[in-house]
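Geometric and topological summary
So the chains spell out like this:
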Amino acid sequence: MNNQYNCVIVDDEPIAREIIESFVNKTPNLKLIGSFQNAVETLNFSEKDDVDVYFLDINMPEINGLSLAKIINKKAHVIFTTAYRDYAIDGFDLNVIDYLLKPIAFDRFLQAIEKIPQLQKNNNSQINSDINNDFLFVRSERKMMKISFNDILYIESLSDYLKIHLTDKVVVTRETITNITNKLPENLFLRIHRSYVISIQKIHSYTNEFIELSNKALPISRSYKESVLQKLAEM
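Fair warning: this is a prediction, and the values are worked out from it, not measured in the lab.

Moving on to a nonpolar patch on the surface. Taken together, the side chains of Leu158, Tyr161, Val170 and Val172 define a hydrophobic patch exposed on the protein surface, amounting to about 330 Å² of accessible area. Mapping tyrosine 161 onto the fold places it in strand 9 (residues 161–166).

Scanning all chains against the criterion turns up seven salt bridges. For the salt bridge of aspartate 57 with lysine 102, the shortest nitrogen-to-oxygen distance reads 3.6 Å. Of this pair, aspartate 57 sits in the loop between strand 3 (53–56) and helix 3 (65–71) while lysine 102 is found in the loop between strand 5 (98–101) and helix 5 (106–113), placing the two residues 45 residues apart along the sequence. On the basis of relative accessibility, which here comes to 23%, the residue lysine 102 falls in the partly exposed class. In this structure, glutamate 175 engages lysine 183 in a salt bridge whose closest nitrogen and oxygen atoms are separated by 3.3 Å. The buried category is assigned to glutamate 175, whose relative accessible area is 18%.

Here five strands make up an open sheet; going across it, the order is 10-9-8-12-11 and the pairing antiparallel. For this open sheet the edge positions go to strand 10 (170–174) and strand 11 (189–193), each flanked by a neighbour on one side alone. Neighbouring strand axes in the sheet, compared pairwise and without regard to direction, differ in orientation by 20° on average. When strand 9 meets strand 10, the two strands line up antiparallel, connected through five bridges. Among the inter-strand pairings, lysine 163 is bridged to a residue of strand 10, identified as valine 172.

For helix 5, the set of buried residues is Phe109, Ala112 and Ile113. For helix 5, the arc enclosing every buried residue in end-on projection is 100°, short of the 170-degree limit, so these residues lie on one face.

Moving on to the sheet that holds strand 14 (residues 210–213). Strand order across the open sheet formed by three strands is 13-14-15, with antiparallel pairing between neighbours. Either end of the sheet is taken by a strand with one partner, and the two such strands are strand 13 (205–206) and strand 15 (216–219). Direction of pairing for strand 13 relative to strand 14: antiparallel, over a ladder of two bridges. Looking at strand 14, one finds that tyrosine 206 is bridged to isoleucine 211.

Now for the packing of aromatic side chains. How two aromatic rings sit relative to each other is set out by the distance from centre to centre and by the angle between their planes. Within this structure, the stated rule accounts for seven aromatic pairs. Ring centres 5.3 Å apart and planes at 25° place the aromatic pair phenylalanine 55 and phenylalanine 109 in the stacked group. One end of the pair, phenylalanine 55, is in strand 3; the other, phenylalanine 109, is in helix 5, with 54 residues separating them in the sequence. On the accessibility criterion, phenylalanine 55 (0% relative accessible area) is buried. Both rings, one in phenylalanine 135 and one in phenylalanine 137, keep their centres 5.6 Å apart while their planes meet at 85°; by these two values the pair is edge-to-face. The partly exposed category is assigned to phenylalanine 135, whose relative accessible area is 23%. A relative accessible area of 43% means that phenylalanine 137 is categorised as partly exposed. Taken together, the ring pairs in this structure connect Phe23, Phe55, Phe106 and Phe109 into an aromatic cluster. The ring of phenylalanine 106 carries the charged tip of lysine 26 above its face, separated from the ring centre by 4.4 Å. Of note, lysine 146 hangs over the ring of phenylalanine 135, and the distance from its end group to the ring centre comes to 4.4 Å.

Conventions we followed
Residues numbered from 1 in each chain as written. Predicted model: local features only at pLDDT ≥ 70, side-chain atom pairs only at ≥ 80, totals over all residues. Heavy atoms only, no water. Patch = residues over 30% accessible without salt bridge, like charges linked within 9 Å, V, L, I, M, F, W, Y side chains within 5 Å. Areas by Shrake-Rupley, 256 points an atom, 1.4 Å probe, with all protein chains shown as cover. Salt bridge = Lys/Arg side-chain N within 4 Å of Asp/Glu carboxyl O. Helix = DSSP H or I, 4+ residues; strand = E, 2+ residues; numbered from the N terminus. Buried < 20%, exposed > 50% of the residue type's maximum accessible area, 1.4 Å probe, protein only. Pairing = 2+ DSSP bridges. Axes fitted to C-alpha atoms, helices over the stretch in contact; angles between N-to-C directions. Arc of directions from axis to C-beta. Phe/Tyr/Trp six-rings, centres within 6.5 Å; stacked < 30°, edge-to-face > 60°. Lys NZ or Arg CZ within 6 Å of the ring centre and 35° of its normal.

Take a look at the structure:
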């Protein structure tokens, strides 16, 4: 591996976290940027930092690792670390890199890490292919619906569902806002809030607090304000 990957460990067992931390520290291309005992702490952190790889325990209180894997940035790679073999099928259904059973041997850990470069290459190829298009398909009303980028005003998140507000209608799809944001070209769309992605071309005006488009004022959240205002100032 030539790249360095920022890693986060999530496990409610201190000893398990220590073992993975020691493995990360012995692997030159890995950099540990966070270690947490539950999913809530992880979500608060992941909004602020660029995480490339998550090592997730599955059986955790409140939000388990399977649920967390569905929420986090889809650009990040997930490696499950668990003592329970029964979850393997669920894990691979989420397209995770690997499923490591505790106790984890270092050589088995390295096998999982060696899968990252090729997967990242495949993902980048898919992203570049998507950006060359001027549309995307979303599942709505039991069919795949073609959405032109030029028709999108803004996208609104409602938990596991999205409302895609178009110039002439609203399309509802079961998807996370993070996942659909990764499919949109960065030069055309801007995330301004945990719940909103807007079309830059459709902006009528903006302040430090709101962006107005098509007679609709959407809030700029505190966590996104600096990046949003900087991006708009550069245009």
